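Working through the structure, step by step
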Amino acid sequence: MKQLYNCSTTKNLGFLIETYQPNSSMEEKITHEGEEIGTAIEGKVLIRIEEMTYLLNEGDSYVIDTSFPHTFINPTDAITRMVSAHTPTTY
């Protein structure tokens, strides 16, 4: 993940460009206070929130309550890229 904003504690919104290598995932489910919104700009990604799994194709977007355990998985043989914004700026 590449943080595009410096995580200022005086601001409420963080912004990321995320790259997931083929057949990879975040190491574990994460939880943090706030919300997150994002769009798959290249490839496909599975978003697992608690026990539910959602497949996003290129151009699909999501909005989640980040207080629920969640993770991102690239189930393909190609790179996946996403852009996302989250509150608070640090988690």
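Anyway, here's the lowdown on the structure attached to this text.

What counts, and where the lines are drawn
Residues numbered from 1 in each chain as written. Predicted model: local features only at pLDDT ≥ 70, side-chain atom pairs only at ≥ 80, totals over all residues. Heavy atoms only, no water. Phe/Tyr/Trp six-rings, centres within 6.5 Å; stacked < 30°, edge-to-face > 60°. Helix = DSSP H or I, 4+ residues; strand = E, 2+ residues; numbered from the N terminus. Buried < 20%, exposed > 50% of the residue type's maximum accessible area, 1.4 Å probe, protein only. Salt bridge = Lys/Arg side-chain N within 4 Å of Asp/Glu carboxyl O. Pairing = 2+ DSSP bridges.

1. Looking at the packing of aromatic side chains
In total, this model carries two aromatic pairs according to the counting rule given. Note on Tyr 20 and Phe 72: the rings are 6.3 Å apart at their centroids and 25 degrees apart in plane angle, and the pair reads as stacked. Linking Tyr 20 in strand β2 (residues 14–20) with Phe 72 in strand β8 (residues 70–74), this pair joins segments that are 52 residues apart in sequence. Phe 72 gets classed as buried once you look at its relative accessible area, which sits at 2%. When the centroid spacing of 5.7 Å and the interplanar angle of 55 degrees are considered together, the rings of Tyr 62 and Phe 72 count as tilted. Separated by 10 residues along the polypeptide, Tyr 62 in strand β7 (residues 61–65) and Phe 72 in strand β8 bring together distant segments of the chain. Both residues of the pair, Tyr 62 and Phe 72, count as buried.

2. Remarks on the pattern of salt bridges
A full pass over the atoms with the stated rule returns one salt bridge. Note that Arg 81 is salt-bridged to Glu 42, the shortest N-O span being 3.1 Å. With Arg 81 in strand β9 (residues 80–87) and Glu 42 in strand β4 (residues 35–42), this residue pair connects regions lying 39 residues apart in the sequence. What makes Arg 81 partly exposed here is its relative accessible area of 30%. Owing to a relative accessible area of 32%, Glu 42 belongs among the partly exposed residues under this scheme.

3. Concerning the pairing of β9
Where β2 and β9 come together, seven bridges link them in antiparallel fashion. Each bridged residue has a counterpart across the sheet, and for Glu 18 the counterpart in β9 is Met 82. For β4 and β9, the ladder comprises seven bridges, and the chain directions are antiparallel. Bridging from a neighbouring strand, Gly 38 pairs with Ser 84 of β9.

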